[in-house]
Amino acid sequence: MDCTNERRKIYLDNAATTKMSEAAIKAMLPYMDGIYGNPSSLHSVGQEANEALTSARERIAKILGCEPREITFTSGGSEADNQAIISAARLGEKKGKKHIISTAFEHHAVLHTLNKLEKEGFEITLLDVHENGLITAEQVRNAIREDTCLVTMMYANNEIGTVQPIAEIGAVCREKGVLFHTDAVQAVGHLHINVKEQNIDMLSLSAHKFHGPKGVGVLCARKGILLTNLIEGGAQERGKRAGTENIPAIMGMTAALEEACAKIDENAVRLTVLRDKLIVGLSQIPHSVLNGDYGHRLPSNVSFCFEGIEGESLLLLLDDKGICASSGSACTSGSLDPSHVLLAIGRVHDIAHGSLRLSLSEENTEEEIDYTIKAVKEVVAYLRGISPIWRDLVNGKKEFITK
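Read on for an overview of the structure. (Residues numbered from 1 in each chain as written. Predicted model: local features only at pLDDT ≥ 70, side-chain atom pairs only at ≥ 80, totals over all residues. Heavy atoms only, no water.)

## Focus on helix H12 (residues 366–385)
- Between the first and last C-alpha of H12 there are 29 Å, a value that for 20 residues agrees with the 28 Å anticipated at 1.5 Å per step.
- Residues of H12 that are buried include every one of Glu368, Ile369, Tyr371, Thr372, Ile373, Ala375, Val376, Val379, Val380, Leu383 and Arg384, and no others. (Helix = DSSP H or I, 4+ residues; strand = E, 2+ residues; numbered from the N terminus. Expected span 1.5 Å × (residues − 1). Buried < 20%, exposed > 50% of the residue type's maximum accessible area, 1.4 Å probe, protein only.)

Below you can see the structure in the form of structure tokens.
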């Protein structure tokens, strides 16, 4: 195989993080130098920063379809997920309701928080995920009990890209009087979202998933929901999130979100064409399988499993060819265990180990997609050629799992 280290990198790991946009960088710069005050200070320099903070809150609220006071700035999606779930749990606990519903393929920011609450006496129901990576509103309806205090479900899966029927699930929760939280980290900036229209009580987002800076995000919580503090100290964020607000990052996030949402439809059309070309090309590889529903998925996500290979070797050899990809969530990339998401949709261990996630951005080109298809085919063929497992499969000593 030819090594292409001199070739420019083809970045196909945008679900892990995105390149900051020029708009975001430009928006941040004034707040690193000229308008550097603490927004809690009463003097003019501080009040300039406070005006920027107020403006950012209003602009983000307009995009999400909520009120400015329903926006709490956080360090990212994980913190927002933690605060939303713990807040709902504490509110439910006061009413004697200690049952929470989620799914088996949530992000670990959700699953680990639920594990913590389970040790405190909460009962957690993780709904089974269909093979296509989807949950139905009827599943949620059937799981809700008298003591259910929260349903928390990700909007779009970070590994396989499936998009859940959030509006339908939100309607069920509203009908049943149960709080509904969605981890929308992969969806915001890529899909049209309106928390009021979709009956979303709490929503988490992270700026670096839509070309904003890392280390900043939002928890949108409906008015009347009392948030539990995770960080104690000052009275920032209406007393619900202590610590001086990161004004440069917040302004960068706001600019990136406005730009992304202004181009949602345009980007979706272009990315869907590239995504589908990737899917068709990789489907030509024998004994491969697409993970997640073909139609109900993010325009930017392609996830495959290839029988007879290890995902880690696949990623390293693709990197040699100039392609940046992943096998799933960046948060668990150091783990040798197969993806819990793939196991949740029914992939067996042997198949789940050979996974590849390619996540696109509007900067990717058709030429890059053509090269990627060719490179993946070459690498998979090479790895299978040196694999004793593949030899046993071809010789009939073992049976193929995929078609």
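Resuming the write-up.
## A short note on the sheet that holds strand E12 (residues 355–359)
- Overall, antiparallel pairing links the 3 strands, which are arranged E9-E10-E12 in an open sheet. This sheet does not close on itself; its edge strands, each paired only once, are strand E9 (288–290) and E12. Averaged over all neighbouring strand pairs, the angle between strand axes comes to 25°, with direction disregarded.
- Sheet topology note: the strand E10 (residues 301–306)/E12 ladder contains 5 bridges and is antiparallel. Note on E12: the bridge partner recorded for Cys305 is Ser355.
- Against the sheet, helix H8 (residues 264–283) contacts E9, E10 and E12, and its axis sits at roughly 10° relative to E10. (Pairing = 2+ DSSP bridges. Axes fitted to C-alpha atoms, helices over the stretch in contact; angles between N-to-C directions. Contact = heavy atoms within 4.5 Å.)

## Structural notes on the nonpolar core
- In terms of nonpolar packing, the biggest core is built from 62 residues, with Val140, Val151 and Leu203 touching the most fellow members.
- By residue number, the principal contributor to this core is helix H7 (residues 247–262), which donates 8 residues.
- Leu203 has contacts with Leu64, His181, Thr182, Ala184, Val188, Ile193, Val195, Val218, Leu219 and Cys220, leaving out every residue within four places of it along the chain.
- Ranked by size, the runner-up nonpolar core spans 29 residues in total, among them Leu12, Leu278, Leu282 and Ala325. (Core = buried A, V, L, I, M, F, W, Y, C linked by side-chain atoms within 4.5 Å.)

Taken by themselves, the reported measurements are silent on function.
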